[in-house]
Structure formats: structure tokens, C-alpha cells
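Single-letter residue listing:
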Amino acid sequence: RGRGQGFAQGGRGRGGVPAGGGKVFVGKLPHECTLEDVKTHFSQFGALADVYLPKTFDASHHRGFAFVTFESDDVAGHVASISHVVCGATVVLDRATPKEETGAGGGPLRGGVAGGPYRHEHSRGQVGAYRPY
């Protein structure tokens, strides 16, 4: 999994959402949260297909966000619509959508959120906005 931490069940990975499944972006995670903490919190809402917790480049801690994929799209929608406290902190949730659906993309220098195939809704329109000159 490179610099991130994650798990997959049934051959599903971070790159592929199972048919009928739904992915949720979880932001503002405290740095003391572990992959196990995230899995424990969100598994109480439904079966998980994948949890991805990207690490920093030096792998000293995670980057403060995660992607949680549920086996049911309905569960993902419900989870994204309510507030959550994980590891004592209120986290920000949003539905994750494939880059192709958001119009985001980019070359090698604009890889997006963790360089993965998903973005959370609030990143729309911000990709490529940086102009060095």
C-alpha cells in the first residue's frame, strides 16, 4: 500500500469500489488516531470494504484524513450525512467521487488527493488552480 495504511476484503482495494459500494472522505482526523480506530468507529454503521489512511512522506504519522469504503452505497450516504466524533475530535465527512466524475485529473504534478483515483466533493474546482507566475 505504499505510504498509506489500509485493508481490503474480498479482493477489493483502494482503487476499486465494489459494485454498489460507496466511499467517504474523512477529514480532520487527529494524528493520534490509528487505522484500527477508524475501522472500529465506522464498522458500527455497516460492512467495510476498505479503509485507507495515507501516511506523510516520511511515514512518521498519517496525513489527517482517510477514505472509508462501505459495501453499501446507502450506508455510505447515511454515514456522510451525520456528524462523527473519532478519537475525541469532530471529523469532517463527505462523499468521495471518482476523478472522472469531478472533471479533475491532471498530469504527474497534479495527482490530486493522495494521488488516488478519488476526490472528496469539496475539492472540485481547486485542482490546478495554483499558478506559479
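Keep in mind the model is a prediction, meaning the values are calculated, not measured. (Residues numbered from 1 in each chain as written. Predicted model: local features only at pLDDT ≥ 70, side-chain atom pairs only at ≥ 80, totals over all residues. Heavy atoms only, no water.)

## Topic: the nonpolar core
Counting 19 residues, the largest nonpolar core has Val-26, Leu-29, Phe-42, Val-68 and Phe-70 as its most contacted members. Those elements that provide at least two residues to this core are strand S2 (22-27), helix H1 (35-43), strand S3 (48-53), strand S4 (65-70), helix H2 (73-81) and strand S6 (89-98). With 5 residues, the next largest nonpolar core counts Phe-25, Tyr-52, Phe-67 and Ala-96 among its residues. (Core = buried A, V, L, I, M, F, W, Y, C linked by side-chain atoms within 4.5 Å. Buried < 20%, exposed > 50% of the residue type's maximum accessible area, 1.4 Å probe, protein only. Helix = DSSP H or I, 4+ residues; strand = E, 2+ residues; numbered from the N terminus.)

## Some thoughts on H2
Buried residues of H2: Ala-76, Val-79 and Ala-80, and no others. Angular distribution of buried residues about the axis of H2 spans 95 degrees; they occupy a single face of the element. Turned more than 90 degrees away from the buried face of H2, the exposed residues are Asp-74 and Ser-81. Close packing links the buried residues of H2 with S2, H1, S4, strand S5 (84-86) and S6. Of the residues that open H2, the one with a side-chain oxygen 3.2 Å from the backbone nitrogen of Asp-74 is Ser-72. (Arc of directions from axis to C-beta. Contact = heavy atoms within 4.5 Å. Polar contact = N/O pair within 3.5 Å; in protein donor to acceptor, adjacent residues only side chain to side chain.)

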